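Given next are the chains, with one letter for each unit.
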Amino acid sequence: MNRFVYLDNSATTPVKPEVLEVMLPYLKDEYGNPSSIYKKAAASSAAVSKAREQVAAALGAESNEIFFTACGTEADNWAIKGAAFANQQKGKHIISSQIEHHAVLHSLEYLEKQGFSVTYLPVDKEGRVNPEDLKNAITDETILVTIMMANNEVGTIEPIAELAKIAHEKKVLFHTDAVQAVGSVPVDVKALDVDMLSLSAHKFGGPKGVGALYIKKGTKIDTFMHGGAQERNRRAGTENVAGIAGLGEAITLATKNLPDKIKRLETLRNKLIDGVLKTIPDSHVNGSLTDRLPGNANFCFRYIEGEALLLRLDAKGVAASSGSACTSGSLDPSHVLLALGLPHEVAHGSLRLSIGEQNTEEDIDYVLEILPGIVQILRMMSPLFPGN
Ligand code: PLP
(Lines give C-alpha, C1' and ligand atoms only; values in the text may rest on other atoms or scores of the structure.)
Protein backbone atom coordinates (compact mmCIF):
# COMPACT_ATOMS: atom_id res chain seq x y z
CA MET A 1 0.00 0.00 0.00
CA ASN A 2 1.22 3.45 -0.86
CA ARG A 3 1.53 5.90 1.96
CA PHE A 4 -0.25 9.25 1.72
CA VAL A 5 1.94 12.32 1.92
CA TYR A 6 0.26 15.72 1.84
CA LEU A 7 2.69 18.32 0.53
CA ASP A 8 0.26 21.01 -0.61
CA ASN A 9 0.05 23.08 2.56
CA SER A 10 0.20 26.34 0.59
CA ALA A 11 -3.10 25.34 -1.05
CA THR A 12 -4.71 24.54 2.28
CA THR A 13 -3.91 22.91 5.60
CA PRO A 14 -5.76 20.31 7.68
CA VAL A 15 -7.88 21.77 10.49
CA LYS A 16 -6.07 21.16 13.79
CA PRO A 17 -8.04 19.02 16.29
CA GLU A 18 -7.89 21.80 18.93
CA VAL A 19 -9.37 24.22 16.38
CA LEU A 20 -12.23 21.85 15.56
CA GLU A 21 -12.97 21.48 19.30
CA VAL A 22 -13.30 25.24 19.66
CA MET A 23 -15.60 25.42 16.63
CA LEU A 24 -18.01 22.59 17.42
CA PRO A 25 -20.21 24.28 20.06
CA TYR A 26 -21.16 27.00 17.54
CA LEU A 27 -22.27 24.35 15.04
CA LYS A 28 -24.37 22.62 17.72
CA ASP A 29 -25.96 24.17 20.81
CA GLU A 30 -24.55 27.69 20.66
CA TYR A 31 -26.41 28.72 17.53
CA GLY A 32 -27.47 32.20 18.66
CA ASN A 33 -26.99 35.08 16.25
CA PRO A 34 -24.24 37.30 17.70
CA SER A 35 -26.34 40.40 16.88
CA SER A 36 -29.27 39.26 19.06
CA ILE A 37 -29.63 40.72 22.54
CA TYR A 38 -31.02 37.72 24.49
CA LYS A 39 -28.88 35.40 26.62
CA LYS A 40 -28.79 32.56 24.07
CA ALA A 41 -26.74 34.75 21.76
CA ALA A 42 -24.17 35.79 24.35
CA ALA A 43 -21.85 32.81 23.72
CA SER A 44 -21.72 33.48 19.97
CA SER A 45 -21.06 37.14 20.49
CA ALA A 46 -18.35 36.36 23.06
CA ALA A 47 -16.72 33.87 20.65
CA VAL A 48 -16.46 36.52 17.93
CA SER A 49 -15.00 39.05 20.39
CA LYS A 50 -12.47 36.53 21.70
CA ALA A 51 -11.35 35.61 18.18
CA ARG A 52 -10.96 39.30 17.30
CA GLU A 53 -8.65 39.69 20.29
CA GLN A 54 -6.69 36.57 19.35
CA VAL A 55 -6.14 37.82 15.78
CA ALA A 56 -5.18 41.29 17.04
CA ALA A 57 -2.71 39.80 19.56
CA ALA A 58 -1.11 37.62 16.88
CA LEU A 59 -0.60 40.60 14.55
CA GLY A 60 0.28 43.27 17.14
CA ALA A 61 -2.90 45.19 16.25
CA GLU A 62 -5.80 46.62 18.26
CA SER A 63 -8.90 44.41 18.27
CA ASN A 64 -11.02 47.17 16.71
CA GLU A 65 -8.68 47.13 13.70
CA ILE A 66 -9.62 43.50 12.82
CA PHE A 67 -12.58 42.77 10.51
CA PHE A 68 -13.70 39.24 9.68
CA THR A 69 -14.38 38.33 6.05
CA ALA A 70 -15.46 35.22 4.15
CA CYS A 71 -11.92 34.45 2.90
CA GLY A 72 -8.57 35.88 1.96
CA THR A 73 -9.96 36.72 -1.47
CA GLU A 74 -12.66 38.93 0.07
CA ALA A 75 -10.10 40.66 2.30
CA ASP A 76 -7.97 41.45 -0.79
CA ASN A 77 -10.99 42.65 -2.80
CA TRP A 78 -12.17 44.86 0.05
CA ALA A 79 -8.76 46.40 0.77
CA ILE A 80 -8.02 47.17 -2.87
CA LYS A 81 -11.41 48.26 -4.19
CA GLY A 82 -12.39 49.91 -0.90
CA ALA A 83 -9.21 51.99 -0.74
CA ALA A 84 -9.37 52.82 -4.46
CA PHE A 85 -12.95 54.10 -4.38
CA ALA A 86 -12.52 55.96 -1.07
CA ASN A 87 -9.44 57.83 -2.25
CA GLN A 88 -10.13 58.40 -5.96
CA GLN A 89 -10.51 62.18 -5.55
CA LYS A 90 -6.76 62.26 -4.77
CA GLY A 91 -5.81 60.20 -7.83
CA LYS A 92 -6.49 56.99 -9.70
CA HIS A 93 -3.10 55.30 -9.83
CA ILE A 94 -2.30 52.04 -8.02
CA ILE A 95 0.98 50.12 -7.81
CA SER A 96 1.30 46.37 -7.38
CA SER A 97 3.62 43.57 -8.52
CA GLN A 98 3.56 41.09 -11.38
CA ILE A 99 3.52 38.07 -9.05
CA GLU A 100 0.40 38.74 -6.96
CA HIS A 101 -2.32 36.17 -6.36
CA HIS A 102 -5.33 36.40 -8.69
CA ALA A 103 -7.42 37.76 -5.79
CA VAL A 104 -5.29 40.89 -6.14
CA LEU A 105 -4.59 40.83 -9.88
CA HIS A 106 -8.24 40.38 -10.87
CA SER A 107 -9.38 43.06 -8.41
CA LEU A 108 -6.91 45.40 -10.08
CA GLU A 109 -8.08 44.41 -13.57
CA TYR A 110 -11.62 45.27 -12.47
CA LEU A 111 -10.44 48.69 -11.27
CA GLU A 112 -8.65 49.29 -14.57
CA LYS A 113 -12.03 48.85 -16.27
CA GLN A 114 -13.40 51.50 -13.88
CA GLY A 115 -10.82 54.05 -15.04
CA PHE A 116 -7.96 53.39 -12.59
CA SER A 117 -4.45 52.82 -13.89
CA VAL A 118 -2.16 50.17 -12.42
CA THR A 119 1.61 49.77 -12.54
CA TYR A 120 2.72 46.14 -12.08
CA LEU A 121 6.29 46.19 -10.77
CA PRO A 122 8.65 43.53 -12.11
CA VAL A 123 10.56 41.19 -9.79
CA ASP A 124 14.13 39.91 -9.93
CA LYS A 125 14.91 36.29 -10.81
CA GLU A 126 14.25 35.24 -7.21
CA GLY A 127 10.86 36.97 -7.14
CA ARG A 128 11.80 40.08 -5.15
CA VAL A 129 10.39 43.55 -5.81
CA ASN A 130 13.12 46.20 -5.93
CA PRO A 131 12.26 49.09 -3.54
CA GLU A 132 13.90 51.51 -5.99
CA ASP A 133 11.34 50.48 -8.63
CA LEU A 134 8.54 51.36 -6.22
CA LYS A 135 10.14 54.73 -5.46
CA ASN A 136 10.33 55.50 -9.19
CA ALA A 137 6.77 54.35 -9.93
CA ILE A 138 4.99 56.58 -7.39
CA THR A 139 3.40 59.67 -8.93
CA ASP A 140 1.22 62.49 -7.57
CA GLU A 141 -1.75 60.37 -8.72
CA THR A 142 -0.78 57.25 -6.71
CA ILE A 143 -3.24 56.37 -3.93
CA LEU A 144 -2.45 52.74 -3.09
CA VAL A 145 0.38 50.22 -3.17
CA THR A 146 -0.55 46.54 -2.81
CA ILE A 147 2.31 44.03 -2.66
CA MET A 148 2.12 40.54 -1.21
CA MET A 149 4.15 39.61 1.85
CA ALA A 150 5.00 36.10 0.64
CA ASN A 151 4.40 34.54 -2.75
CA ASN A 152 2.11 31.51 -2.86
CA GLU A 153 4.02 29.70 -5.62
CA VAL A 154 7.71 30.26 -5.03
CA GLY A 155 7.57 31.36 -1.38
CA THR A 156 9.66 34.51 -1.78
CA ILE A 157 9.22 36.97 1.09
CA GLU A 158 9.02 40.61 0.01
CA PRO A 159 10.71 43.49 1.89
CA ILE A 160 7.34 44.82 3.09
CA ALA A 161 8.59 47.19 5.85
CA GLU A 162 10.93 48.90 3.37
CA LEU A 163 8.25 49.11 0.66
CA ALA A 164 5.61 50.46 3.07
CA LYS A 165 8.05 53.13 4.28
CA ILE A 166 8.57 54.31 0.70
CA ALA A 167 4.80 54.49 0.11
CA HIS A 168 4.22 56.39 3.36
CA GLU A 169 6.95 58.93 2.58
CA LYS A 170 4.73 59.87 -0.38
CA LYS A 171 1.54 59.63 1.74
CA VAL A 172 0.33 56.60 -0.21
CA LEU A 173 -1.65 53.78 1.47
CA PHE A 174 -0.04 50.34 1.68
CA HIS A 175 -1.85 46.98 1.63
CA THR A 176 -0.21 43.59 1.84
CA ASP A 177 -1.71 40.20 1.03
CA ALA A 178 -0.23 38.19 3.91
CA VAL A 179 -2.35 35.10 3.28
CA GLN A 180 0.74 32.89 2.86
CA ALA A 181 2.80 34.66 5.52
CA VAL A 182 0.55 34.64 8.59
CA GLY A 183 1.25 31.56 10.70
CA SER A 184 4.44 30.78 8.73
CA VAL A 185 6.67 33.76 9.54
CA PRO A 186 6.40 36.57 12.12
CA VAL A 187 3.86 39.21 11.03
CA ASP A 188 3.58 42.38 13.10
CA VAL A 189 1.52 45.17 11.56
CA LYS A 190 3.29 47.85 13.63
CA ALA A 191 6.78 46.67 12.67
CA LEU A 192 5.74 46.40 9.01
CA ASP A 193 3.79 49.68 9.27
CA VAL A 194 1.13 48.60 6.78
CA ASP A 195 -2.33 50.20 6.54
CA MET A 196 -4.15 47.01 5.55
CA LEU A 197 -3.27 43.31 5.71
CA SER A 198 -5.22 40.27 4.47
CA LEU A 199 -5.15 36.78 5.98
CA SER A 200 -7.04 33.49 5.62
CA ALA A 201 -7.65 30.81 8.28
CA HIS A 202 -7.30 27.71 6.10
CA LYS A 203 -3.64 28.42 5.40
CA PHE A 204 -2.65 27.89 9.06
CA GLY A 205 -4.71 25.07 10.51
CA GLY A 206 -8.08 26.85 10.54
CA PRO A 207 -11.25 26.21 8.54
CA LYS A 208 -11.92 27.25 4.94
CA GLY A 209 -14.26 30.15 4.23
CA VAL A 210 -13.09 32.65 6.84
CA GLY A 211 -10.47 35.38 6.70
CA ALA A 212 -9.75 38.79 8.12
CA LEU A 213 -8.65 42.22 7.05
CA TYR A 214 -6.55 44.39 9.35
CA ILE A 215 -7.41 48.04 8.77
CA LYS A 216 -5.22 50.50 10.64
CA LYS A 217 -7.26 53.00 12.62
CA GLY A 218 -8.01 56.09 10.52
CA THR A 219 -7.50 54.40 7.10
CA LYS A 220 -9.97 55.66 4.52
CA ILE A 221 -11.63 52.66 2.89
CA ASP A 222 -15.15 52.17 1.51
CA THR A 223 -17.49 49.43 2.67
CA PHE A 224 -17.46 46.40 0.37
CA MET A 225 -20.28 44.20 1.70
CA HIS A 226 -23.47 46.23 2.18
CA GLY A 227 -26.30 45.07 4.44
CA GLY A 228 -26.59 44.76 8.21
CA ALA A 229 -24.61 46.50 10.91
CA GLN A 230 -22.17 43.66 11.63
CA GLU A 231 -18.45 44.30 12.12
CA ARG A 232 -19.15 47.79 13.44
CA ASN A 233 -21.07 48.74 10.32
CA ARG A 234 -18.12 48.01 8.03
CA ARG A 235 -18.70 44.45 6.79
CA ALA A 236 -22.30 43.29 6.57
CA GLY A 237 -23.42 39.67 6.86
CA THR A 238 -24.22 37.40 9.81
CA GLU A 239 -20.91 36.27 11.22
CA ASN A 240 -19.55 32.78 10.51
CA VAL A 241 -19.26 32.24 14.26
CA ALA A 242 -17.76 28.73 14.19
CA GLY A 243 -15.33 29.74 11.45
CA ILE A 244 -14.32 32.92 13.26
CA ALA A 245 -13.80 31.03 16.54
CA GLY A 246 -11.68 28.53 14.58
CA LEU A 247 -9.66 31.32 12.99
CA GLY A 248 -8.94 32.82 16.42
CA GLU A 249 -7.73 29.51 17.84
CA ALA A 250 -5.77 28.63 14.70
CA ILE A 251 -3.84 31.91 14.63
CA THR A 252 -3.02 31.58 18.33
CA LEU A 253 -1.69 28.05 17.83
CA ALA A 254 0.13 28.84 14.59
CA THR A 255 2.00 31.80 16.05
CA LYS A 256 2.96 30.02 19.30
CA ASN A 257 6.63 28.91 19.36
CA LEU A 258 6.99 30.16 15.80
CA PRO A 259 10.83 30.28 15.77
CA ASP A 260 10.99 26.56 16.68
CA LYS A 261 8.44 25.66 14.01
CA ILE A 262 10.28 27.69 11.40
CA LYS A 263 13.53 25.91 12.24
CA ARG A 264 11.88 22.48 11.95
CA LEU A 265 10.20 23.26 8.62
CA GLU A 266 13.36 24.78 7.19
CA THR A 267 15.32 21.64 8.09
CA LEU A 268 12.77 19.46 6.26
CA ARG A 269 12.63 21.84 3.30
CA ASN A 270 16.41 22.06 2.96
CA LYS A 271 16.67 18.28 3.04
CA LEU A 272 14.06 18.12 0.27
CA ILE A 273 15.74 20.77 -1.87
CA ASP A 274 19.25 19.33 -1.43
CA GLY A 275 17.99 15.81 -2.13
CA VAL A 276 16.16 16.80 -5.31
CA LEU A 277 19.03 18.86 -6.71
CA LYS A 278 21.49 16.06 -5.98
CA THR A 279 19.46 13.20 -7.49
CA ILE A 280 17.63 14.81 -10.43
CA PRO A 281 19.72 16.22 -13.28
CA ASP A 282 18.50 19.42 -14.98
CA SER A 283 16.48 20.43 -11.92
CA HIS A 284 16.30 23.95 -10.60
CA VAL A 285 14.87 25.67 -7.48
CA ASN A 286 12.60 28.65 -8.12
CA GLY A 287 12.57 31.63 -5.78
CA SER A 288 14.98 32.86 -3.14
CA LEU A 289 17.00 30.49 -0.98
CA THR A 290 17.24 33.08 1.80
CA ASP A 291 14.03 35.16 1.89
CA ARG A 292 11.68 32.21 1.60
CA LEU A 293 8.67 30.73 3.41
CA PRO A 294 10.03 27.93 5.62
CA GLY A 295 7.82 25.21 4.13
CA ASN A 296 8.04 26.12 0.44
CA ALA A 297 10.01 24.19 -2.16
CA ASN A 298 9.38 24.95 -5.84
CA PHE A 299 11.25 23.20 -8.63
CA CYS A 300 11.45 23.17 -12.40
CA PHE A 301 12.36 19.95 -14.16
CA ARG A 302 13.34 20.53 -17.73
CA TYR A 303 11.65 18.59 -20.57
CA ILE A 304 8.53 17.51 -18.65
CA GLU A 305 5.01 18.80 -17.90
CA GLY A 306 4.04 19.70 -14.34
CA GLU A 307 0.59 18.11 -14.73
CA ALA A 308 1.98 14.74 -15.74
CA LEU A 309 4.28 14.89 -12.73
CA LEU A 310 1.36 15.65 -10.41
CA LEU A 311 -0.68 12.72 -11.71
CA ARG A 312 2.17 10.28 -11.21
CA LEU A 313 2.90 11.65 -7.73
CA ASP A 314 -0.79 11.32 -6.89
CA ALA A 315 -0.73 7.69 -8.02
CA LYS A 316 2.08 7.16 -5.49
CA GLY A 317 0.11 8.90 -2.73
CA VAL A 318 1.75 12.34 -2.83
CA ALA A 319 -0.46 15.44 -3.05
CA ALA A 320 1.41 18.39 -4.55
CA SER A 321 0.80 21.27 -6.92
CA SER A 322 2.14 22.71 -10.14
CA GLY A 323 2.38 26.29 -11.28
CA SER A 324 0.41 25.64 -14.43
CA ALA A 325 -3.24 26.58 -14.26
CA CYS A 326 -4.52 23.21 -15.51
CA THR A 327 -7.61 23.30 -13.32
CA SER A 328 -8.86 26.43 -15.04
CA GLY A 329 -8.59 24.68 -18.41
CA SER A 330 -5.66 26.85 -19.41
CA LEU A 331 -2.28 25.45 -20.30
CA ASP A 332 -0.54 28.77 -19.78
CA PRO A 333 2.47 28.51 -17.50
CA SER A 334 2.37 30.36 -14.18
CA HIS A 335 2.51 34.16 -14.41
CA VAL A 336 4.79 34.06 -11.37
CA LEU A 337 7.42 31.81 -12.99
CA LEU A 338 7.30 33.87 -16.18
CA ALA A 339 7.82 37.06 -14.13
CA LEU A 340 10.92 35.42 -12.59
CA GLY A 341 12.25 35.19 -16.14
CA LEU A 342 11.81 31.46 -16.76
CA PRO A 343 11.25 30.49 -20.39
CA HIS A 344 7.75 29.07 -21.16
CA GLU A 345 8.98 25.52 -21.75
CA VAL A 346 10.82 25.42 -18.41
CA ALA A 347 7.96 27.02 -16.46
CA HIS A 348 5.68 24.21 -17.70
CA GLY A 349 7.67 21.64 -15.74
CA SER A 350 7.20 23.15 -12.29
CA LEU A 351 6.38 21.42 -9.03
CA ARG A 352 5.48 23.05 -5.70
CA LEU A 353 5.94 20.92 -2.59
CA SER A 354 4.75 22.86 0.45
CA ILE A 355 5.56 21.36 3.83
CA GLY A 356 3.30 21.82 6.86
CA GLU A 357 3.53 21.24 10.58
CA GLN A 358 2.13 17.71 10.26
CA ASN A 359 4.84 16.52 7.85
CA THR A 360 7.69 14.31 9.02
CA GLU A 361 11.19 13.45 7.87
CA GLU A 362 9.79 10.12 6.59
CA ASP A 363 7.48 12.09 4.28
CA ILE A 364 10.48 13.85 2.76
CA ASP A 365 12.41 10.58 2.47
CA TYR A 366 9.48 9.01 0.63
CA VAL A 367 9.31 11.85 -1.91
CA LEU A 368 13.06 11.70 -2.43
CA GLU A 369 12.73 7.97 -3.02
CA ILE A 370 10.02 8.18 -5.71
CA LEU A 371 10.50 11.54 -7.43
CA PRO A 372 13.76 10.86 -9.37
CA GLY A 373 12.21 7.75 -10.97
CA ILE A 374 9.03 9.60 -11.96
CA VAL A 375 10.99 12.44 -13.55
CA GLN A 376 13.15 9.92 -15.40
CA ILE A 377 10.14 8.04 -16.82
CA LEU A 378 8.47 11.27 -17.96
CA ARG A 379 11.66 12.41 -19.62
CA MET A 380 11.97 9.10 -21.47
CA MET A 381 8.49 9.79 -22.86
CA SER A 382 9.14 13.46 -23.64
CA PRO A 383 9.76 14.52 -27.26
CA LEU A 384 11.69 17.49 -25.81
CA PHE A 385 14.28 15.36 -24.03
CA PRO A 386 17.61 15.36 -25.91
CA GLY A 387 18.21 12.01 -27.54
CA ASN A 388 14.54 10.96 -27.64
N1 PLP B 1 -3.72 35.41 -1.52
C2 PLP B 1 -2.78 34.44 -1.53
C3 PLP B 1 -1.34 34.81 -1.58
C4 PLP B 1 -3.18 33.10 -1.51
O5 PLP B 1 -2.24 32.14 -1.53
C6 PLP B 1 -4.55 32.79 -1.46
C7 PLP B 1 -5.00 31.39 -1.50
O8 PLP B 1 -4.40 30.54 -2.11
C9 PLP B 1 -5.48 33.85 -1.42
C10 PLP B 1 -5.02 35.14 -1.46
C11 PLP B 1 -6.94 33.59 -1.36
O12 PLP B 1 -7.33 33.15 -0.07
P13 PLP B 1 -8.71 32.35 0.09
O14 PLP B 1 -8.47 30.96 -0.39
O15 PLP B 1 -8.99 32.39 1.57
O16 PLP B 1 -9.74 33.08 -0.67
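Everything below is about the structure shown above.
Reading the values: rules and limits
- Residues numbered from 1 in each chain as written.
- Predicted model: local features only at pLDDT ≥ 70, side-chain atom pairs only at ≥ 80, totals over all residues.
- Heavy atoms only, no water.
- Pairing = 2+ DSSP bridges.
- Helix = DSSP H or I, 4+ residues; strand = E, 2+ residues; numbered from the N terminus.
- Axes fitted to C-alpha atoms, helices over the stretch in contact; angles between N-to-C directions.
- Near = heavy atom within 4 Å.
- Polar contact = N/O pair within 3.5 Å; in protein donor to acceptor, adjacent residues only side chain to side chain.
- Areas by Shrake-Rupley, 256 points an atom, 1.4 Å probe, with all protein chains shown as cover.
- Nonpolar A, V, L, I, M, F, W, Y, C, P; charged D, E, K, R; others polar.
- Buried < 20%, exposed > 50% of the residue type's maximum accessible area, 1.4 Å probe, protein only.
- Core = buried A, V, L, I, M, F, W, Y, C linked by side-chain atoms within 4.5 Å.
- Contact = heavy atoms within 4.5 Å.
- Parallel < 35°, antiparallel > 145°, perpendicular 65-115°, else oblique.
- Left-handed = near helix turned anticlockwise from the far one by under 90°.

Caption draft 1: Seen up close, the sheet that holds strand β12 (residues 350-354). With respect to topology, 3 strands assemble into an open sheet ordered β9-β10-β12, the strand pairing being antiparallel. For this open sheet the edge positions go to β9 (283-285) and β12, each flanked by a neighbour on one side alone. Each strand of the sheet is rotated relative to its neighbour by a mean of 25°, with strand direction disregarded. When strand β10 (residues 296-301) meets β12, the two strands line up antiparallel, connected through 5 bridges. Note on β12: the bridge partner recorded for Asn296 is Ser354.

Caption draft 2: Region of the structure containing the site of the ligand. By nearness alone, 13 residues border the ligand, and Thr73, Asp177, Gln180, Ser200 and Lys203 come closest of all. The side chain of Lys203 places a nitrogen or oxygen atom 2.6 Å from an oxygen atom of the ligand. Out of a free accessible area of 390 Å², the ligand has 87% covered by protein chains. The dominant element in the shell around the ligand, judged by the number of residues it contributes, is helix α3 (residues 72-86), at 3 residues. Of the residues belonging to the shell around the ligand, the class tally is 3 nonpolar, 7 polar and 3 charged.

Caption draft 3: Broad picture of the environment of Lys171. Relative to the helices and strands, Lys171 resides in the loop between α6 (160-169) and β6 (173-177). On the accessibility criterion, Lys171 (70% relative accessible area) is exposed. Spatially, the C-alpha atoms of Lys171 and Met381 are 56 Å apart, while their sequence positions differ by 210 residues.

Caption draft 4: Up close: the nonpolar core. Counting 66 residues, the largest nonpolar core has Leu59, Leu197 and Leu199 as its most contacted members. Looking at this core element by element, the count peaks at 9 residues for helix α9 (residues 241-255). Beyond its immediate stretch of four places on either side in the chain, Leu199 contacts Val55, Leu59, Gly72, Val179, Val182, Phe204, Gly211, Ala212, Leu247 and Ile251. Within the second largest apolar cluster, 30 residues are counted, among which are Leu268, Leu272, Val276 and Leu309.

Caption draft 5: Local environment of the packing of α3 against helix α4 (residues 102-113). Between α3 and α4, the least distance of the axes is 9 Å, while the angle of their chain directions is 30°. Judged by the inter-axis angle, α3 sits roughly parallel to α4. Of the two possible hands of crossing, α3 and α4 adopt the one that is right-handed. Note on element contacts: α4 touches α3 through Ala103, Val104, Ser107, Leu108, Tyr110 and Leu111, opposite Thr73, Asp76, Asn77, Ile80, Lys81, Ala84 and Phe85. Among the residues forming the contact of α3 with α4, the class breakdown is 8 nonpolar, 3 polar and 2 charged.

Caption draft 6: How the structure looks around the sheet that holds strand β5 (residues 142-146). Spatially, 7 strands are ordered β2-β8-β7-β6-β5-β3-β4 in an open sheet, and the strand pairing comes out mixed. Strands with a single pairing partner mark the edges of an open sheet, and in this sheet they are β2 (66-69) and β4 (117-121). Across this sheet, the average inter-strand angle for adjacent strands is 20°, counted without regard to direction. Taken together, the 5 bridges between strand β3 (residues 93-97) and β4 define a ladder with parallel strand orientation. When the bridges of β4 are listed, Ile94 appears paired with Val118.

Caption draft 7: Spatial organisation of unusual backbone geometry. Positive phi, normally seen in glycine, also occurs at Lys171, with a value near 60°. A positive phi angle is found at Asn233, which is not glycine, with a value near 70°.

By themselves these figures say nothing about function.
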